[in-house]
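Residues per chain, in single letters:
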Number of protein chains: 2
Amino acid sequence: MLKLLEFNEINKRDLIIELQRREEVEQSKVIDIVTEILSKVKNEGDKALINFTKEFDKVELKDLEVSQKELEECFNKVEEEFIKALQEAKINIEDYHKKQKQSGFIITKEMGVYLGQKISPLENVGVYVPGGTAAYPSSVLMNVIPAKVAGVNEIIMLTPPDKNGGINPYIGVAAKIVGVNKIYKVGGAQAIGALAYGTETIKKVDKIVGPGNIFVAIAKKLVFGNVDIDMIAGPSEILIIADEKSNPKFIAADLMSQAEHDELASSILVTTSKKLYEGVVKELEIQIKNLEREKVIRKSLECFGKTIICNDIKECIDISNLIAPEHLELMVDNPMEYLGEVKNAGSIFLGRYCPEPVGDYFGGTNHVLPTNGTARFFSPLSVDSFIKKSSFIYYSKEAIEKNGDRIITLANREGLTAHANSVKVRLE
Amino acid sequence: MLKLLEFNEINKRDLIIELQRREEVEQSKVIDIVTEILSKVKNEGDKALINFTKEFDKVELKDLEVSQKELEECFNKVEEEFIKALQEAKINIEDYHKKQKQSGFIITKEMGVYLGQKISPLENVGVYVPGGTAAYPSSVLMNVIPAKVAGVNEIIMLTPPDKNGGINPYIGVAAKIVGVNKIYKVGGAQAIGALAYGTETIKKVDKIVGPGNIFVAIAKKLVFGNVDIDMIAGPSEILIIADEKSNPKFIAADLMSQAEHDELASSILVTTSKKLYEGVVKELEIQIKNLEREKVIRKSLECFGKTIICNDIKECIDISNLIAPEHLELMVDNPMEYLGEVKNAGSIFLGRYCPEPVGDYFGGTNHVLPTNGTARFFSPLSVDSFIKKSSFIYYSKEAIEKNGDRIITLANREGLTAHANSVKVRLE
């Protein structure tokens, strides 16, 4: 199930291209549909939301907003054990994200000059949560907690109603635990339109975050600039670097934990040991039988599962840097020793007892990560995703008198005489 | 030249819509042309670059790269005074941006658990510099210095050749002073294609920054995701908050320094004093006669020049927060007192002797700023624009044994049994 490649024989460019072609989906038809939906929401507001919900979700809604009563009832529908796990996860995620908070700064100079940077939270943020089988309470935590820590004033959540016009109780509980301010039962591209333009009921936000299907993803792209968005998540991947001492059982399990997401997911083992590889292949066949999503896993591994055999760990890391995986597991002794060599990876799982789900659910780091090679330049969702910066500068009369000529020289050189003039009038 | 509005009478929603409509340009034709150009560059590499340069810039290039000799000759073509001003500006800009450098962090917990965030500079960055009258050496400084401070390994600059196949000497000098690694004579959408896909001569980069015309802007949008980009700059604006003690001469000059950029630029005075407004209008007519770009300024002020009369400074700031201007001048006593109230602004110029060109050229803050209301959620270009973050986490055997059940509960709840399995195999 895992294609076998040797480091010395692989064409690195082809390897990357093969992974990246996962993203080439036919988008043009979707764009037309989504453009139409967005324009209706912009022009007709709530009416459009109610009509689209009737059309797509087959539910006639009276109220778009989830009431306090509905929300409290969610707690009766979920297991105590789930609530406890979610609350513990919340504490860990908060601990980690609090360390990301940045402060402004100021520099003071001679002649009374000072300049600096001010940090402010975004005013309000919209979190989209998909419905159906893709309704993940963990996503609620991962998207909302960094916004809360950043100091965002109002967090609005949109999620499609179920067939009875209710909301998924697990999502409701997660939203309540992390302190979402308002929840509306709207899904799909129309939800993104509502957050981007505002309607009678739903407030326009500064930024939209959260995963979604192709309609949601395209809608986010189209409203980008009008509001900010998080990233557009592509197909995801795991890359496991493992030495010969690693347990093939663990590796097989971890590869499949990624593969179960999606047929386009990619699971890659990069190892110094061919024997390990053989052990992993055996383990895959043993373990897969007990997994609910066997079919998806098999398809994903057949298309995008790979093993690359390297001569040493250094080569393994070279491959990983090239692929820039969303998740990187480093199953080696003293994994911290290699952290400096890792250039491109969304989240790095160190040691033999830290499978990716530790980060997906519980450990504290964020699970919203750059996919499909974009860890080369994108970062995990963080507190920084929910702030904005402003610079400020003060000049005294003395300072402009001393430096004015330099500014005039540069402005004139660029042919911007009105720029030069704004300094000149102060030197007269 | 400045439309007069009263705070109590304005419809705030219409005010915003009027400013934002500046961006609605006919893009569809341009998209087709740019798509074609990008695809040619992707498939034909250098050959396409040479052909497009012949077609658009009317120059037949032998070498795309600017040689060391060509670069050194630039220094003979520019004034000593210009070089001095640029070097002083460089020091100020470096000082400011060095304060933006972030460090990674680590949190250690019980049972050997640790987790944290690692910060790495982008590997290589492409800076686009337009040709002709829009060739601004100050832009070279503002785009390159933060990348250098971030620790970017290689900075590549692309700029169109002049009609003799040379480069603008001021741009060349600026590039040399800030330490650009390689310069190529390629402009337009084809330059963006080269940086996004790479050619035989030009290396694919992780991020493209720098301003450009509509073809460049659309090309950047289209390659976004394949590489990172800075923002798409829209029409720019200044908003001046001034009390009755302010000098109308200064205000008139500052409004025009913004207006000269572009007919779509917007210049807004928000003041508590109608008398001040009347003084400004008089001053505009006096000063405009001596400015080279009189025609552009007049058009811009007629279309998007406004004065709003407020009852107090608090109201002035409310208006400013609503508009979220790229540049905000605060011409009041004790301007720092109001900094906490300013929520949305790209760069804030404090006091009566700090016109916007201080920040455009010399003071140290960056002049690449969020335009057209996007300061609500975007930030100035900064060192953060040239780094990426990775999270990391380590779990010991003991830690997974203690927390494994919680993770299994959450994974199962989401129907992801392979996720649960990756923990289970470690608990056996």
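Residues numbered from 1 in each chain as written. Chains lettered and ligands numbered in written order. Predicted model: local features only at pLDDT ≥ 70, side-chain atom pairs only at ≥ 80, totals over all residues. Heavy atoms only, no water.

Description of the sheet that holds strand β6 (residues 182-184) of chain A
Residues and elements named next belong to chain A. A sheet is described by the order of its strands in space; here five strands give the open sequence β6-β5-β4-β7-β8, paired in parallel fashion. Each edge of the sheet is formed by a strand with only one pairing partner; in this case those strands are β6 and β8 (228-229). Set on the sheet, helix α6 (residues 137-150) makes contact with β4 (124-128), β5 (154-158) and β7 (207-209); between it and β5 the angle comes to about 165 degrees. (Pairing = 2+ DSSP bridges. Helix = DSSP H or I, 4+ residues; strand = E, 2+ residues; numbered from the N terminus. Contact = heavy atoms within 4.5 Å. Axes fitted to C-alpha atoms, helices over the stretch in contact; angles between N-to-C directions.)

Considerations on the packing of α6(A) against helix α7 (residues 169-178) of chain A
Residue and element names in this part refer to chain A. Taken N-terminus to C-terminus, the directions of α6 and α7 make an angle of 20 degrees; their axes are 9 Å apart at the nearest point. Here α7 runs roughly parallel to α6, going by the angle between their axes. Classified by chirality, the crossing of α7 by α6 is right-handed. The residues of α7 that touch α6, namely those facing P137, V140, L141, V144, I145 and K148, are Y170, I171, A174, A175 and V178. (Parallel < 35°, antiparallel > 145°, perpendicular 65-115°, else oblique. Left-handed = near helix turned anticlockwise from the far one by under 90°.)

Quick notes on the interface of chain A and chain B
Every contact between the two is made by 119 residues of chain A and, on the other side, 119 residues of chain B. Counting each side, the surface lost to burial between chain A and chain B is near 10,500 Å², with a carbon and sulfur contribution of 58%. A per-residue breakdown of the area chain A buries against chain B is headed by A:Y353, A:Y361 and A:R426, which together make up 8% of the total. Counting across the chain A and chain B interface gives 14 salt bridges. Here A:E428 ties to B:K249 by a salt bridge, and the two come within 3.8 Å at their closest N and O atoms. Inspection of the chain A/chain B interface yields 66 residue pairs in polar contact (both at pLDDT 80 or more). (Buried area = accessible area lost by both parts, 1.4 Å probe. Salt bridge = Lys/Arg side-chain N within 4 Å of Asp/Glu carboxyl O. Polar contact = N/O pair within 3.5 Å; in protein donor to acceptor, adjacent residues only side chain to side chain.)

Regarding the sheet that holds strand β6 (residues 182-184) of chain B
Residues and elements named next belong to chain B. With parallel pairing, the five strands of this open sheet are ordered in space as β6-β5-β4-β7-β8. The open sheet has two edge strands with one neighbour each: β6 and β8 (228-229). Pairing between strand β7 (residues 207-209) and β8: two bridges, direction parallel. Bridge pairing links K207 to D228 in β8. Across the sheet, helix α6 (residues 137-150) touches β4 (124-128), β5 (154-158) and β7, and the angle it forms with β5 is around 165 degrees.

Quick word on the UniProt feature "active site" (unreviewed entry) in chain A
All names here are of chain A. UniProt tags E326 and H327 as "active site" (unreviewed entry). Tracing the chain through its elements places E326 in the loop between α13 (313-323) and β12 (327-331). Apart from residues lying up to four places away in sequence, E326 is in contact with S236, E237, Q258, A345, G346, S347, L369, P370 and T371. If you trace the backbone, H327 turns up in strand β12. Residue H327 is classed as buried on the basis of its relative accessible area, which comes to 3%. In contact with H327, other than residues within four places in its own chain, are E237, I238, L239, Q258, S347, F349, E356, D360 and L369. (UniProt positions renumbered as here; feature names shortened; annotations may be inferred. Buried < 20%, exposed > 50% of the residue type's maximum accessible area, 1.4 Å probe, protein only.)

Section: helix α7 (residues 169-178) of chain B
Given 3.6 residues per turn, any residue in an α-helix points the same way as the ones three and four places further on. Of all ten residues making up α7(B), nine are buried, and the element is well covered by its neighbours. Buried within α7(B) are the following residues: B:P169, B:Y170, B:I171, B:G172, B:V173, B:A174, B:A175, B:I177 and B:V178. Summarising the contacts, the buried residues of α7(B) are in contact with α15 (397-413) of chain A together with α4 (68-77), α5 (80-98), α6, β5 and β6 of chain B. Its side-chain oxygen 2.8 Å from the backbone nitrogen of B:Y170, B:N168 forms the N-cap of α7(B). B:G179, located one to two residues past α7(B), shows a positive phi value of around 85 degrees.

Considering the pattern of salt bridges
Tallied over the full model, the rule gives 48 salt bridges over all chains. Of the charged contacts, one joins B:K314 and B:D318 as a salt bridge, the two residues approaching to 3.3 Å between their closest N and O atoms. Taken together, the residues B:K314 and B:D318, both in helix α13 (residues 313-323) and four residues apart, mark about one turn of the helix. Residue B:K314 is classed as partly exposed on the basis of its relative accessible area, which comes to 48%. When salt bridges that share partners are traced, they join A:D243, A:K245, A:D333 and A:R352 into one network.

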